[in-house]
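# Secondary and tertiary structure notes
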Amino acid sequence: MRRTLSIRHTVDRHGKPLAELIDNLSGLCGGLYPADLRHLARTFNTAANDLEQGERGLVVYCIQE
């Protein structure tokens, strides 16, 4: 099953990059193997890099096939 993580890339009231999680992670965190956790961590790292590089708007990341 393909699972995605939707993050809205925006800025806070001071103009600093801010990520808003759109999807609830509770369905994902019920049972994750170490490899799943590592992939989720890489996804968050990618989102952080995208945000710092100026990405804005809703971005959907694939976190599990």
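Just so we're clear, the structure is a prediction, and the values are computed from it rather than from any experiment.

### Description of the overall build of the protein chain
Each helix and strand counted, the protein chain has one helix and three strands in total. For the protein chain, the succession of helices and strands along the chain, N to C, is β-β-α-β. Counting the 65 residues in the protein chain, one finds 20% classified as buried. Residue pairs at least 24 apart in sequence account for 59% of intrachain contacts in the protein chain once pairs closer than 6 positions are excluded. Here the protein chain displays about 4600 Å² of accessible surface, and carbon together with sulfur accounts for 51% of that area.

### Observations concerning the nonpolar core
Core analysis: the biggest nonpolar cluster contains seven residues, these being Leu-5, Ile-7, Leu-40, Ala-47, Val-59, Tyr-61 and Ile-63. Elements supplying a minimum of two residues to this core: strand 1 (3–11), helix 1 (34–52) and strand 3 (57–64). The biggest single contributor to this core is strand 3, with three residues. Apart from the residues lying within four places of it in its own chain, the contact partners of Ile-7 are Ala-19, Glu-20, Leu-21, Ile-22, Ala-47, Gly-57, Leu-58, Val-59 and Tyr-61.

### Details of the pattern of salt bridges
Applying the stated criterion across every chain, the model contains one salt bridge. The shortest N-O distance in the salt bridge between Arg-8 and Glu-20 comes to 3.8 Å. Separated by twelve residues along the polypeptide, Arg-8 in strand 1 and Glu-20 in strand 2 (residues 17–21) bring together distant segments of the chain. Judged by its relative accessible area of 35%, Glu-20 falls in the partly exposed class.

### Structural notes on the pairing of strand 2
In this sheet, strand 2 lies alongside strand 1 in antiparallel orientation, the contact comprising five bridges. Along strand 2, the bridge assignment pairs Ile-7 with Leu-21. Two successive antiparallel strands, strand 1 and strand 2, enclose a turn made up of five residues, where Gly-15 displays a positive phi of approximately 85°.

### Topic: a nonpolar patch on the surface
Nonpolar side chains collect at one region of the surface, where Ile-22, Leu-58 and Val-60 lie side by side and expose about 270 Å² of accessible area between them. Looking at the secondary structure, you find Ile-22 in the loop between strand 2 and helix 1. Residue Ile-22 is classed as partly exposed on the basis of its relative accessible area of 41%.

Each value, and the rule that gives it
- Residues numbered from 1 in each chain as written.
- Predicted model: local features only at pLDDT ≥ 70, side-chain atom pairs only at ≥ 80, totals over all residues.
- Heavy atoms only, no water.
- Helix = DSSP H or I, 4+ residues; strand = E, 2+ residues; numbered from the N terminus.
- Buried < 20%, exposed > 50% of the residue type's maximum accessible area, 1.4 Å probe, protein only.
- Contact = heavy atoms within 4.5 Å.
- Areas by Shrake-Rupley, 256 points an atom, 1.4 Å probe, with all protein chains shown as cover.
- Core = buried A, V, L, I, M, F, W, Y, C linked by side-chain atoms within 4.5 Å.
- Salt bridge = Lys/Arg side-chain N within 4 Å of Asp/Glu carboxyl O.
- Pairing = 2+ DSSP bridges.
- Patch = residues over 30% accessible without salt bridge, like charges linked within 9 Å, V, L, I, M, F, W, Y side chains within 5 Å.

Keep in mind these numbers describe shape, not what the thing actually does.
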